[in-house]
Amino acid sequence: MSFRPVVPTGGLAGWAFLNKTRERQEASFQKSAVVKNDLDYFRQNFGKITSSEDLVKESRSFRVILSAYGLEDDINNRAFIRKIIDDGVEDRKALANRLTDKRYKAMAQDLQFLAPGAKLDPPADLKDRIVTQFQTRGFERAVGEQNQDMRMAMALQRELPDLVQGFASENAQWFAVLGNTPLRKVMETALGLPKEFGALDVDQQVTRLKSAVSRRFNVANLQELSQAENMDKLVKRYLVMSQIKEMQTSMSPASIALELLRR
């Protein structure tokens, strides 16, 4: 049986419970038979993979690696993933460099040794990093099966500091947020941005996002927003606003006001 985390309720109460029990629940997830078997197999067979073709043919390790980078939905897009890896990241025209979603670039960078003609050894810590990332993202995914808002909040806490560290330019950081599905969703929901926001030119989106974040959280940039205290405010606002959106789809305005007054 697969591991099923306990998320008894949504919103701030559910988030508080998850934070209180997370260490214990995550340890149970890592010990579950499905996770343990997948990782034991991956550890034993990773060294046998020497090309992108080997990787996509080796279904079980392929799934582990995709999941480690949050790309598990591409499990059937084998030709696409081979192209990502084979192009590498050195050429600015490489596919991974042209995609908005930088998870592909992270994977391509780590797996450069699988590209045709590459005379590289895999990074010494790569296998361990993939295992850790698989465990972390896998637990988030399991939580998301119970409550998608909690998964998004956890992804924000993990990804925003890494994003800030990964891009020196402030504008590049904002563009990366827009290209990161979980971060974008959290920002749009927390700031109450309308559906029309996504139709704006990307430069206008950045300008509007910067302004909204500055007004709401009193920060000058993403570096400040990624600090623990500010991220906590962002997560809590996201969870509240998400609940309000859910209520708006199923309740009248009067019912929503009454429900909020009871809290």
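Structure report, in brief. Note that residues are indexed from 1 along each chain, following the sequence as it is written. Only residues with pLDDT of 70 or above have their local features reported here, since the model is predicted, and side-chain atom pairs are shown and tallied only from 80 upward, although totals for entire chains, interfaces and linings are computed over all residues. Derived side-chain values reflect all non-hydrogen atoms in the structure, with water molecules and hydrogen atoms excluded from consideration.

**Focus on the overall build of the chain**
- Where helices and strands are cited, they refer to DSSP runs of H or I of at least four residues and of E of at least two residues respectively, numbered from the N terminus. If you tally the helices and strands in the chain, you get 15 helices and zero strands.
- In the chain, buried positions account for 44% of the 263 residues.
- When contacts within the chain are restricted to residue pairs at least 6 apart in sequence, those whose partners lie at least 24 apart make up 57%.
- Methods summary: accessible areas were calculated by the Shrake-Rupley approach with a probe of 1.4 Å, and residue burial reflects only the protein chains presented. Split by element, the accessible area of the chain, about 14,300 Å² in all, is 49% carbon and sulfur.
- Taken as two groups, the 40 positive and 34 negative side-chain charges of the chain have centres that lie 3 Å from each other. Each residue's exposure class comes from its accessible area (1.4 Å probe, protein chains only) as a fraction of the maximum for that residue type: buried when under 20%, exposed when over 50%, partly exposed otherwise. Two residues form a contact once any of their heavy atoms are found within 4.5 Å. In this tally, Lys and Arg are treated as positive and Asp and Glu as negative; His is ignored, and so are the chain termini. Every charge is mapped to an atom, namely NZ of Lys, CZ of Arg, CG of Asp or CD of Glu.

**Quick look at the nonpolar core**
- Put simply, a nonpolar core is a bunch of buried Ala, Val, Leu, Ile, Met, Phe, Trp, Tyr and Cys residues held in one set by side-chain atoms that sit within 4.5 Å of each other. In this structure, Leu111, Ile130, Leu160, Leu209, Val213, Leu222 and Leu225 are the most contacted members of the largest nonpolar core, which totals 69 residues.
- If one sorts the elements of this core by residue count, helix H9 (residues 148–166) sits on top with eight residues.
- Residues in contact with Leu222, not counting those within four places in the same chain, are Leu160, Leu163, Val164, Gln173, Trp174, Val177 and Met187.

**Things to note about the packing of aromatic side chains**
- Stacked, tilted and edge-to-face are the three classes applied to pairs of Phe, Tyr and Trp rings, where Trp contributes its six-membered ring and a pair requires centres within 6.5 Å; stacked means planes under 30 degrees apart, edge-to-face means over 60, and tilted covers the rest. Tallied over the entire structure, the rule returns six aromatic pairs.
- Summarising the aromatic geometry, the rings of Phe46 and Phe113 are spaced 6.3 Å apart at their centres and angled 75 degrees between planes, so their arrangement reads as edge-to-face. Taken together, the residues span a long stretch of sequence, with Phe46 in the loop between helix H2 (33–45) and helix H3 (52–57) and Phe113 in the loop between helix H7 (103–110) and helix H8 (126–146) at a distance of 67 residues. For the pair formed by Phe46 and Phe113, the shared burial category is buried.
- Each member of the aromatic cluster is reached from another via a ring pair, and the members are Phe3, Phe29 and Phe139.

**Comments concerning the packing of helix H1 (residues 11–31) against H8**
- Only the contacting stretch of a helix is used when fitting its axis, a line to C-alpha atoms as for every element, and angles between N-to-C directions run 0 to 180 degrees. Put simply, H1 and H8 touch, their axes get as near as 10 Å, and they point 115 degrees apart. The hand of the H1/H8 crossing is right-handed. Two secondary-structure elements touch here, H1 through Leu18, Arg22, Gln25, Glu26, Phe29 and Gln30 and H8 through Gln135, Thr136, Gly138, Phe139, Ala142 and Val143.
- Taken together, the residues that form the contact of H1 with H8 break down as five nonpolar, five polar and two charged. The crossing is said to be left-handed when, going from far helix to near helix, the turn is anticlockwise and less than a right angle, and right-handed when the turn is clockwise. Polar here means any residue outside two lists: the nonpolar Ala, Val, Leu, Ile, Met, Phe, Trp, Tyr, Cys and Pro, and the charged Asp, Glu, Lys and Arg; Gly therefore counts as polar.

**Notes on the layout of surface pockets**
- Throughout, the protein atoms alone are placed on a 1 Å grid, and a set of points is a cavity if a 1.4 Å probe fits but cannot get out or a pocket if it is open with protein on both sides within 12 Å along at least five of seven lines; lining residues have an atom within 4 Å of a point. Grid points are joined across faces, edges and corners, and a volume is the space filled by probe spheres set on the points. Each pocket or cavity is described by its volume, and for the largest pocket that value is around 690 Å³.
- Forming the walls of the largest pocket are 24 residues, and the residues nearest its centre are Lys102, Arg103, Ala106, Asp162 and Leu163.
- Only H7, H8 and H9 provide two or more residues apiece to the lining of the largest pocket.
- Classifying every residue of the lining of the largest pocket by side-chain character gives seven nonpolar, seven polar and ten charged.

**With respect to the side chain of Asn97**
- For Asn97, the position within the fold is in helix H6 (residues 95–98).
- Given a relative accessible area of 18%, Asn97 falls into the buried group.
- At 2.9 Å, the side chain of Asn97 and the backbone oxygen of Val89 are in polar contact.
- In contact with Asn97, other than residues within four places in its own chain, are Val89, Asp91, Arg92, Lys102 and Lys105. The term polar contact refers here to a pair of N or O atoms within 3.5 Å; inside protein, the definition further demands a hydrogen-donor-capable atom paired with an acceptor-capable atom, and it admits residues adjacent in sequence only when both atoms are side-chain atoms.

**Things to note about the pattern of salt bridges**
- Basic side-chain nitrogens of Lys or Arg form a salt bridge, by our definition, when they fall within 4 Å of a carboxyl oxygen of Asp or Glu. On inspection of all chains with the given rule, the structure shows 17 salt bridges.
- Residue Arg137 is joined to Glu159 by a salt bridge in which the shortest nitrogen-to-oxygen separation is 3.6 Å. Taken as a pair, Arg137 in helix H8 and Glu159 in helix H9 lie far apart in primary sequence, 22 residues in all. Here Arg137 and Glu159 have matching classes, each one buried.

**What about the packing of H2 against H8?**
- For the pair H2 and H8, the least separation of the axes is 11 Å and the interaxial angle reads 165 degrees. One way to sum up the angle between H2 and H8 is to call them roughly antiparallel. The handedness of the crossing between H2 and H8 comes out as right-handed. In contact with Val35, Asp38, Leu39, Phe42 and Arg43 of H2, H8 contributes Lys127, Ile130, Val131, Phe134 and Gln135. Roughly parallel covers angles under 35 degrees, roughly antiparallel covers those over 145, roughly perpendicular covers 65 to 115, and oblique covers all other angles.

**Remarks on the environment of Ile65**
- Mapped onto the secondary structure, Ile65 falls in helix H4 (residues 59–68).
- In this structure the C-alpha to C-alpha distance between Ile65 and Val202, which are 137 residues apart in sequence, comes to 31 Å.
- Setting aside anything within four residues of it in sequence, one finds Ile65 in contact with Phe42, Phe46, Leu55, Leu111 and Ile130.

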